[in-house]
Structures are given as C-alpha cells and as structure tokens.
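Coordinates in review
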Amino acid sequence: MADEARSRLGRGLASLIGDVGGEAAAHVERPRNQRKVPIEFLKANPRNPRRTFADAELGELADSIKARGVIQPIVVRAIKGAQDRYEIIAGERRWRASQLAGLHEVPIVPVEVSDSDALEIMIIENVQREDLNAMEEALGYHSLADEFKRSQEDIAKIVGKSRSHVANMMRLTKLPNEVQALISKGDLSAGHARALIGVPDPLAAAKRIVAEGLNVRQAEALAHEEGVPERKPQKARSGSAPKVDKDADTLALEKRVSDALGLTVTVSHRDPGGTVQINYRNLEQLDEVVRRLEGG
C-alpha cells in the first residue's frame, strides 16, 4: 500500500481515497474503506506544516458540519502499538471543527504510509488548497529536505511547483525567528521576505516594511539600499577611455529596471544595440532574477 500511495502522491489526496468533494458538496461517492470512529480516537499530527487555524474559519466550518455533517472523510494512519488510535494525515481542520460542532464520531479513511509520505501528503493537500502561509510552506519543504533527504527537484515534482519556487521558499528558513514570526502572522508576504535575504539587518528592514506598509517592489528597493555598500568612484587608469555621461532617458531606464529587480542595473548603448548589466551579490539573488525571467 505504501508504494502505491507514494506513486499517487503527485495527483493529490483524491487519488488515495477516491473522488470526494469539498465541505460544501451535497452528494459524494463514499470511499470503500471509509468508516466512522469516535472523535477522541484521533490525534493531530505533530508534523503537520499547518500551524494556524483561524477561529472564524473554524466557526464557519463547524456551522456547515452541524447542517450537513462531515462530507469529506479525514485521512488517517494507525498509531503503532495503540489499538483503534489514529494520527491525522489530512483533515485536521475538519477534526477541530467537528469538535466545535459537538460531533461524537467522524468519518475516516485509513491509509498505510511512511513518515515521509505522510508529510508529503500533508504538504501537497495544503499547498493545493493554499491553506499554508508562506512560513508554514517553507518549513514543510525544509522538513522534507532535512529529515527525509528530498532534493529541491524532488520536492518541486511532489508539490507541483517549480524548483526555483521551492528554493526561494526554503530560503525563508534562514531569516531570524522574529522575521519568520512576522511572515507567519501575515504581516510580511513571501515576496517581502525574499527581499530580506542577504540584508545585513533583516529584522530592522522587516519592521520598517511593516511600519511603512511597503509593497514588495518598495521592499526590494529598500533591501537593495541597505544591503549593497556604496560604490566608491574609481580613479581613471592611465590610457583608459574617458567616462561618457549618460543621457537622462538612459539613467531613468536604469533606475526603472533597478527598482523592479532590487539590484543595480547598468544600461550601455552601443549603436545600434547595447548591453544590460545586472549586478548581484550572491547566488540567491541571481536565482531570483532567473525566476522572474521565467515568469515564476
């Protein structure tokens, strides 16, 4: 069963338990191995990347459950050494809401999967439903890489994202804990956070972004301003060509592209063409440029 489950991970949870609808569905096809168990037989999975469950969201779901019941079963796996006890793989939100609704039993679908497969299923389901905040997603990918030795390429295939997306999200785990907390709270988006990587004092920059309500482009410009040391003018070498002053249009174009990328950009015209030079400080910034060129 474990091998079968793993081969179907990339197609989402529906391929494991059958075609079941969302909470609002009126009629669904019941999976063959679905059954009901007392709600106290289940426990939350400590590896679940989703840590935040909004009270208002749970309340709304609890009201729906009171009216229609739990439409989509909770996917679980048996806890070794404990009879009739299960660990939740997917559906912790439904389990929590069911408790609020006063249910005594909930529908479950047991599956046999390894620790790594269970984590992959949880991440896939949450990412596909966009239930994770940026920090939860980043930590989930980091767990797959660190604990289960999955490469960024493997993770990208598992969750259906680009490798550059996975790499950029994982870099968020390098930020200070205080900055990660701002991301988890939703005060900073993933775009804001990526701009802070490599900045000498990311916490100070993060606080300024929040206080001033900066958008992502403004945050990138701030990161460039704080992270790139001022370049001292170089003395002209003997015999070198004199520096040519750039016209206002070229300077404006340089600033426009620099602001968009958050990096120093130099435009040089050579009739009939020219060159565009992008200066980066590390491979993370280069990867970010490539991601944008690829439309990621």
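Residues numbered from 1 in each chain as written. Predicted model: local features only at pLDDT ≥ 70, side-chain atom pairs only at ≥ 80, totals over all residues. Heavy atoms only, no water.

- Named according to an unreviewed UniProt entry, the protein is Chromosome segregation DNA-binding protein originating from Bradyrhizobium macuxiense.
- One UniProt comment on the protein, placed under Sequence similarities (unreviewed entry), says "Belongs to the ParB family."
- If you open the UniProt record of the protein and go to Function (unreviewed entry), you find "Involved in chromosome partition. Localize to both poles of the predivisional cell following completion of DNA replication. Binds to the DNA origin of replication." (UniProt positions renumbered as here; feature names shortened; annotations may be inferred.)

What about empty space enclosed by the protein?
- By the definition in use, this model includes 2 cavities of 30 Å³ or more.
- The space that makes up the largest cavity amounts to roughly 190 Å³.
- Among the elements of the structure, strand E4 (86-90), helix H4 (92-100) and helix H5 (115-128) are those that each provide at least two residues to the lining of the largest cavity.
- Tallied by class, the residues present in the lining of the largest cavity amount to 5 nonpolar, 3 polar and 7 charged.
- Each of two domains, domain 1 (31-112) and domain 2 (114-173), supplies a minimum of three residues to the lining of the largest cavity. (1 Å grid on protein atoms, 1.4 Å probe; cavity = no way out; pocket = protein on both sides within 12 Å on 5 of 7 lines; lining within 4 Å. Points joined across faces, edges and corners; volume = space filled by probe spheres on them. Helix = DSSP H or I, 4+ residues; strand = E, 2+ residues; numbered from the N terminus. Nonpolar A, V, L, I, M, F, W, Y, C, P; charged D, E, K, R; others polar. Domains from an automatic or database assignment.)

Some remarks on the environment of Tyr141
- Here Tyr141 is to be found in helix H6 (residues 134-148).
- Look at Tyr141 and you get buried, because its relative accessible area is 0%.
- Those residues in contact with Tyr141 that lie beyond four places of it in its chain are Ile123, Val127, Ile155, Val159, Lys161, His165, Val166, Met169 and Met170. (Buried < 20%, exposed > 50% of the residue type's maximum accessible area, 1.4 Å probe, protein only. Contact = heavy atoms within 4.5 Å.)

Focus: the nonpolar core
- Ranked by size, the top nonpolar core spans 47 residues in total, and within it Tyr141 and Leu172 carry the most contacts.
- By residue number, the principal contributor to this core is H5, which donates 7 residues.
- One finds Ile74, Val76, Tyr86 and Ile88 within the second-largest nonpolar core, a separate group that totals 10 residues. (Core = buried A, V, L, I, M, F, W, Y, C linked by side-chain atoms within 4.5 Å.)

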